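Here are the chains, one letter per residue:
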Amino acid sequence: MFQKGDYIIYGNTGVCQVKDICIPDGISSDSNDKLYYRLAPVYGSGTIYIPVDTSIYMRPVLSREQALQLISDIPDIPADTFTSRDQRILAEHYKEKIHTHECESLIQLIKTLYLKTQNVTRQRKRPCQTDLQYMKKAEELLHGEISVALGIPLEKVADYIRHSIGEKKASS
């Protein structure tokens with residue numbers, strides 16, 4: 001069970017902070033006094049009430065050490081090799097990658113879609129909207145978690161990653 005103040009990954013919402021563990025006002029007494037997390041999305045608005053025993057995916061945010069190791073490993077994480085001409089099948093594959101909630105899968109998806117977009121742009125074509133939407137979602141989820149884990153502003157995460165990878169390549 002998470003504690004008040006913990007930062008967690010909640011489903012596809014991304015990083016949330018546990019603001020309270022309580023029985024929300026307005027919940028009927030028939031619910032056997034079931035406890036709920038009151039979550040506040042870090043990079044969004046609103047409040048989420050979710051039963052502590054929900055089946056929706058939740059896990060702690062990466063530690064600082066795990067985030068630094070993940071960034072160090074980015075050059076070694078291969079792009080995805082899955083291909084299809086059917087946009088529905090591709091979208092389903094991208095969705096599955098995001099729903100793993102694993103940072104390595106998000107990095108793999110971002111790399112794949114970045115390379116695909118670069119290739120299409122070189123051919124003077126417009127990138128597919130599906131690709132751009134999933135790349136944006138994967139970046140939001142990954143960068144949000146890294147931002148919280150390292151304590152850096154969200155808008156500086158991409159530059160931080162590029163700089164870190166550049167230093168690793170220079171020292172190799």
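Treat the numbers as computed from the prediction; the structure is a model and nothing was measured.

Following the criterion strictly, the structure yields six salt bridges and no others. Of the charged contacts, one joins Asp 53 and Lys 34 as a salt bridge, the two residues approaching to 3.8 Å between their closest N and O atoms. Pair noted here: Asp 53 is in the loop between β4 (48-51) and β5 (58-60) and Lys 34 is in the loop between β2 (14-22) and β3 (36-41), with a separation of 19 residues, a long-range link. Across the salt bridge formed by Asp 86 and Arg 88, the nearest N and O atoms sit 3.7 Å from each other. Classification of Asp 86 as partly exposed rests on a relative accessible area of 25%.

Spatially, the five strands line up as an open sheet ordered β4-β3-β2-β1-β5, and their pairing is antiparallel. Single-partner strands in this sheet number two, and they are β4 and β5. Across the sheet, the mean angle separating the axes of adjacent strands is 45° when strand polarity is ignored. Alignment of strand β1 (residues 7-10) against β2, held across four bridges, turns out to be antiparallel. Paired with Tyr 10 across the bridge in β2 is Gly 14. Relative to β2, helix α4 (residues 129-150) is tilted by about 60°, and along the sheet it contacts β1, β2 and β5.

With that settled, the discussion passes to the packing of helix α2 (residues 87-99) against α4. Contact pair α2 / α4: the axes reach a minimum separation of 10 Å and the direction vectors enclose 0°. By the criterion of interaxial angle, the relationship of α2 to α4 is roughly parallel. Here Gln 87, Ala 91, Tyr 94, Lys 95 and Ile 98 of α2 come into contact with α4, specifically with Thr 130, Asp 131, Tyr 134, Lys 137, Ala 138 and Leu 141. For the contact of α2 with α4, a count of residues per class yields six nonpolar, two polar and three charged.

Aromatic rings considered in pairs are described by the distance between their centres and by the relative angle of their planes. Considering all chains together, one arrives at two aromatic pairs under this definition. Between the aromatic rings of Phe 2 and Tyr 37, the centroid separation amounts to 5.8 Å while the plane-to-plane angle is 55°, which identifies the pairing as tilted. With Phe 2 in the segment before β1 and Tyr 37 in strand β3, the pair connects residues that are 35 residues apart, well separated along the chain. The pair formed by Phe 2 and Tyr 37 is uniform in burial state, with each residue classed as buried.

Spanning 20 residues, helix α3 (residues 103-122) covers 28 Å between terminal C-alpha atoms, matching the ideal 28 Å at 1.5 Å per step. Regarding α3, the residues found buried are Cys 103, Ser 105, Leu 106, Ile 107, Gln 108, Leu 109, Ile 110, Thr 112, Leu 113 and Thr 117. Lining the buried residues of α3 we find β5, α1 (64-73), α2 and α4. Positioned one or two residues after α3, Arg 124 has a phi angle of 60°, which is positive.

With four bridges joining them, β3 and β4 adopt antiparallel strand pairing. Considered in β4, the bridge of Tyr 37 is made with Ile 50. Between β3 and β4, which pair antiparallel one after the other, the connecting turn spans six residues, and Gly 46 there sits at a positive phi close to 95°.

The next thing to look at is the packing of α2 against α3. Where α2 meets α3, the closest approach of the two axes is 8 Å, and the angle between their N-to-C directions is 145°. Contact residues: Leu 90, Tyr 94, Lys 97 and Ile 98 in α2; Ser 105, Leu 106, Gln 108, Leu 109, Leu 113 and Lys 116 in α3. Along the lines of polarity and charge, the residues of the contact of α2 with α3 split into six nonpolar, two polar and two charged.

Next up on the list: the environment of Ile 71. Tracing the backbone shows Ile 71 in helix α1. Between the C-alpha atom of Ile 71 and that of Thr 112, which follows or precedes it by 41 residues, the distance is 17 Å.

Procedures and definitions
Residues numbered from 1 in each chain as written. Predicted model: local features only at pLDDT ≥ 70, side-chain atom pairs only at ≥ 80, totals over all residues. Heavy atoms only, no water. Salt bridge = Lys/Arg side-chain N within 4 Å of Asp/Glu carboxyl O. Helix = DSSP H or I, 4+ residues; strand = E, 2+ residues; numbered from the N terminus. Buried < 20%, exposed > 50% of the residue type's maximum accessible area, 1.4 Å probe, protein only. Pairing = 2+ DSSP bridges. Axes fitted to C-alpha atoms, helices over the stretch in contact; angles between N-to-C directions. Contact = heavy atoms within 4.5 Å. Parallel < 35°, antiparallel > 145°, perpendicular 65-115°, else oblique. Nonpolar A, V, L, I, M, F, W, Y, C, P; charged D, E, K, R; others polar. Phe/Tyr/Trp six-rings, centres within 6.5 Å; stacked < 30°, edge-to-face > 60°. Expected span 1.5 Å × (residues − 1).

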